[in-house]
Amino acid sequence: MATWAKLGVSLRNAVRRFWPLRNVGYGRAIGAGLLGTVLANGFIHYKNEPRWRLWPHIVHAEDAKKEEIKVPPVSMRRLRFNQFASMIYEEEPYMTPRDFLHSVLMENVDCKLKKKMLTKADVDDMIRVASRAEAGNNMFRGIGDKGLISYTEYLFLLTILTKPETGFHIAFKMLDIDGNEHVDKKEFQKLKKIIRPRKELLRQDGTELSHIVDDVNTTLEVFFFGKNGKNKLHYKDFCRFMEDLQAEVQEVEFLRFSNGMKTMRREDFAEWLLHYTNEENNEAYWENMRKRIPTGESISFDEFKEFCLFTYHLEDFAFSVKMINEANRPIGMAEFKRAVKIATGHDLSENVLDTVFKIFDLDGDNCLSHKEFLAVMKDRVLRGLRVQHQYGISGYWKCVKRETLQGAQEALRKTGSPV
């Protein structure tokens, strides 16, 4: 109030000073000048008086230095890795091969034991085990807890379980400059970076994780390149490793959902399909399973493997469906079967196809919405680690609205106004 009183006194003195000129033709100009002076003084006062600010002014470089450095958010994959990793070495968490298999099978880990703090002797023992490991679809289960998997390798292994072989072959050829179909250890580090997004490798302090933990000899590196890291990794051996890992995970998943039996009931297969699903029609899918799928009918492990092969080619399947059905209408079983054949080169059994359609046919017209089906399959393949994004204009304006409201609330708090 005292500030406004001073401003009023200054204005009154100025008017008295120019009062004798009231009959001169310059009165209008003087009046305009006085108005401009008042507005300028008010703006300067507003600019420099924090309590009257509604919107904060632009932060300059010097002010920005004082801002607290924002910590990048922890990704869902990083949280999953930390949750299942049971080993600590040089203050970094590591998974064992057993931990990795558990992470792709279970949503949560039963934390009964503390994480084990490893010594260099422990790591040397794990290196010896890895150097004697034999290739095959029982490798991870054979090594068990006698191995180390870093976070970068965890992401790499997840990619093997979610992507077709084509992308790896392209990346491999990019690094294979001389065309001899093999890479060394340093080139393999580049391959892992090419396959995975860089943002997944950032620690909470903003540094890249790969530069910190790649010096530790892990199970995969010793298996591929030997104890001294001098061996070469041939592409055919890498392809065999990918196939073995996929086969091992498929076998473990099949045994879990079939309760150790040689065949899986159709309702167990449906439960496997919907295990990580969180879609709008989830309840309807479960209701369809209960009402439409007959009891006493089973799916073999070979049929299960063929369907898993199909899940590795979802992008190709989506493209095939678009070519077959340009109108984006629900597709029938014949169109579905043809699209799978185009995408994978293999056929799904009638038993599996019938199960899929009985679950996802919401209208009972023997057709299903391939978009909804693909959403469920992506949740299945990514084991619940899919991040929902907002695309398009509507998503953009939702983001703008949210950020604007947050900015307004913060500004009002600074002025002391209730929000």
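Going by what an unreviewed UniProt entry lists, the chain is known as Calcium uptake protein 2, mitochondrial and is assigned to Carassius auratus.

*Asks:* Before we move on, could you go through the overall build of the chain and cite the residues and values that matter?
*Replies:* Broken down by element type, the chain carries 21 helices and 9 strands. Looking at the chain as a whole, 37% of its 419 residues qualify as buried. Put simply, 71% of the contacts in the chain that link residues at least 6 apart link residues at least 24 apart.

*Asks:* Any details on the sheet that holds strand 1 (residues 87–89)? Residues and values, ideally.
*Replies:* Ordered in space as 2-1-3, the 3 strands form an open sheet in which the pairing is mixed. Looking at the sheet topology across the chains shown, the edges are occupied by strand 2 (92–94) and strand 3 (116–117). Where strand 1 meets strand 3, 2 bridges bridge the pair, whose relative direction is parallel. Paired with Ile-88 across the strands is Met-117, a residue of strand 3.

*Asks:* Before we move on, could you go through the UniProt feature "domain: EF-hand" (unreviewed entry) in the chain and cite the residues and values that matter?
*Replies:* The sites that UniProt annotates as "domain: EF-hand" (unreviewed entry) are residues 163–198 and 348–383. Within the segment residues 348–383, helix and strand shares are 64% and 6% respectively, and the terminal C-alpha atoms sit 22 Å apart.

*Asks:* Summarise the environment of Asp-347; cite the residues concerned and give the values.
*Replies:* By the secondary structure assignment, Asp-347 is in the loop between helix 18 (333–344) and helix 19 (350–360). In this structure the C-alpha to C-alpha distance between Asp-347 and Phe-307, which are 40 residues apart in sequence, comes to 8.9 Å. Beyond its immediate chain neighbours, meaning those up to four positions away, Asp-347 contacts Glu-306, Lys-337 and Lys-341.

*Asks:* Could you give an account of helix 16 (residues 301–311), with specific residues and numbers?
*Replies:* Along helix 16, the residues that are buried comprise Phe-304, Phe-307, Cys-308, Phe-310 and Thr-311. Seen from one end, helix 16 has its buried residues packed into an arc of 155°, which puts them on one side.

*Asks:* Go over the pattern of salt bridges, please, and point to the residues and values.
*Replies:* Per the stated rule, a full pass over the model turns up 18 salt bridges. Lys-120 is paired through a salt bridge with Asp-124; the nearest N and O atoms lie 3.3 Å apart. Here Lys-120 pairs with Asp-124, and both are found in helix 6 (residues 120–131), just 4 residues apart, close to one helical turn. What makes Asp-124 partly exposed here is its relative accessible area of 27%. Put simply, Arg-141 and Glu-248 hold a salt bridge, and the shortest N to O gap is 3.1 Å. Pair noted here: Arg-141 is in helix 7 (residues 139–143) and Glu-248 is in helix 13 (residues 235–257), with a separation of 107 residues, a long-range link. Residues participating in the shared-partner salt-bridge network are Arg-266, Glu-297, Asp-354 and Lys-358.

*Asks:* Requested: an account of the nonpolar core, with residues and values cited.
*Replies:* Counting 39 residues, the largest nonpolar core has Phe-100, Phe-140, Tyr-154, Leu-157 and Phe-238 as the members making the most contacts within it. Contributing elements (two or more residues each) for this core: helix 4 (76–84), helix 5 (97–105), helix 7, helix 8 (151–162), helix 9 (165–175), helix 10 (185–195), helix 12 (219–225) and helix 13. Setting aside anything within four residues of it in sequence, one finds Leu-157 in contact with Phe-100, Phe-140, Ile-149, Leu-220, Phe-241 and Leu-245. Residues Phe-257, Ile-299, Val-352 and Phe-373 belong to the second largest nonpolar core, which totals 37 residues.

Rules of the game
Residues numbered from 1 in each chain as written. Predicted model: local features only at pLDDT ≥ 70, side-chain atom pairs only at ≥ 80, totals over all residues. Heavy atoms only, no water. Helix = DSSP H or I, 4+ residues; strand = E, 2+ residues; numbered from the N terminus. Buried < 20%, exposed > 50% of the residue type's maximum accessible area, 1.4 Å probe, protein only. Contact = heavy atoms within 4.5 Å. Pairing = 2+ DSSP bridges. UniProt positions renumbered as here; feature names shortened; annotations may be inferred. Arc of directions from axis to C-beta. Salt bridge = Lys/Arg side-chain N within 4 Å of Asp/Glu carboxyl O. Core = buried A, V, L, I, M, F, W, Y, C linked by side-chain atoms within 4.5 Å.

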